[in-house]
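# Structure at a glance
One letter stands for each residue in the lines below.
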Amino acid sequence: MMVPKYPQPYQPKILAGFKINHPLRGEIIGGVWNQESGGIEIGIGNPDSPTWSRRYFNFYMGYQSSPQDLASYQAHPFPNTTIYPDITDAIEVAAQVADSPVVPVYIKGRDKYQDGITGTLEYFGAKISELNIKTWTYINSQIPEGNDIVALIDIPLAEYVSPTPSDGDILAQS
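Predicted, not measured: the structure shown is a model, and the values here were computed from it. (Residues numbered from 1 in each chain as written. Predicted model: local features only at pLDDT ≥ 70, side-chain atom pairs only at ≥ 80, totals over all residues. Heavy atoms only, no water.)

## Considering the environment of I42
As a reminder, the rule being used: Numbering of helices and strands runs from the N terminus, with a helix taken as a DSSP run of H or I at least four residues long and a strand as a DSSP run of E at least two residues long. Only protein chains enter the accessibility calculation, which uses a 1.4 Å probe. A residue is then buried if its area is under 20% of the maximum for its type, exposed if over 50%, and partly exposed in between. Residue contacts follow a heavy-atom distance rule, with two residues in contact if any of their heavy atoms lie within 4.5 Å.
Within the fold, I42 resides in strand β2 (residues 40–46). Judged by its relative accessible area of 0%, I42 falls in the buried class. A sequence separation of 12 residues divides I42 from R54, and the C-alpha atoms of the two residues are 5.7 Å apart. Not counting residues up to four positions away in its chain, the partners in contact with I42 are A16, F18, W52, S53, R54, Y56, P85, I87, V105, Y106 and I107.

## Focus: the sheet that holds strand β4 (residues 102–110)
Rules: Two strands qualify as a pair provided that DSSP identifies no fewer than 2 bridges between them. To get an axis, fit a line to the C-alpha atoms, keeping to the stretch in contact for a helix; angles then go from 0 to 180 degrees between the N-to-C directions.
Across the sheet, which stays open at both edges, the 4 strands sit in the order β3-β2-β4-β7 with antiparallel pairing between neighbours. Strand pairing shows two members of the sheet lacking a second neighbour, β3 (49–56) and β7 (148–156), which therefore form its edges. Strand-to-strand twist of the sheet, defined as the mean angle between neighbouring strand axes without regard to direction, takes the value 25 degrees. Strand direction decides the pairing type here: β4 and β7, joined by 9 bridges, are antiparallel. Among the inter-strand pairings, P104 is bridged to a residue of β7, identified as D154. Those strands touched by helix α2 (residues 88–97) are β2, β3, β4 and β7, and its axis lies near 175 degrees from that of β3.

## A word on the pairing of strand β6 (residues 133–142)
When strand β5 (residues 120–128) meets β6, the two strands line up antiparallel, connected through 8 bridges. Opposite T120, over in β6, you have Q142 as the bridge partner. Between the end of β5 and the start of β6, which pair antiparallel, lie 4 residues, with N132 showing a positive phi angle near 55 degrees.

## Details of the nonpolar core
Put simply, the test is: Take the buried Ala, Val, Leu, Ile, Met, Phe, Trp, Tyr and Cys residues and link them wherever side-chain atoms come within 4.5 Å; each set so joined is a nonpolar core.
Core analysis: the largest hydrophobic core is formed by 30 residues, its most contacted members being F18, I87, V105 and I155. Of all the secondary structure elements, the ones that give two or more residues to this core are β1 (14–21), α1 (26–29), β2, β3, α2, β4, β5 and β7. Ignoring any residue separated from it by four or fewer positions in sequence, one finds V105 in contact with I42, G43, I44, I87, I91, F124, A151, L152, I153 and I155.

## A word on the pattern of salt bridges
Basically, it comes down to this: What makes a salt bridge here is a side-chain nitrogen of Lys or Arg within 4 Å of a carboxyl oxygen of Asp or Glu, nothing more.
Evaluated as defined, the whole model comprises 4 salt bridges. Note that E122 is salt-bridged to K19, the shortest N-O span being 3.6 Å. Of this pair, E122 sits in strand β5 while K19 sits in strand β1, placing them 103 residues apart in sequence. Judged by its relative accessible area of 18%, E122 falls in the buried class. A salt bridge links D89 to R54; the shortest N-O distance between them is 3.0 Å. Highlighted residues: D89 in helix α2 and R54 in strand β3, separated in sequence by 35 residues.

Honestly, it's all geometry; don't read function into it.
Structure (structure tokens):
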């Protein structure tokens, strides 16, 4: 994702946050060329047919020709910190089709190689900067080898998409 030129300074409104613990992060973010995409998917709606989705850490560099090549690529752990991708554009898309005051946001990851080495998705959440709100779900679930782990959170929509009137505000009437 490129940082937009305008408006500046760049100020994302909503950041998704997650923490993964895995000794070989290439097993999560790497892919095998022409076989499977890599990365961690974050999306809106139903994970099987999302309204919006994007893969993060799905670098073309690092795709391997076979699973055995993985041993020499990304053979180190995820950082011991929360990772925060910008999902502002996702929420803006959701605001156009939302029929609820909350938007379901998911994260999907997979340990692609069945080698007995796996990790955990520790938590998933969002930071809404305009409201100074954090919403988190603590998962601490093992990432299954060869299968997806999916976690969902609901992000409040109405508060930052359009201003909520305050007590005493005079509303326009048509």
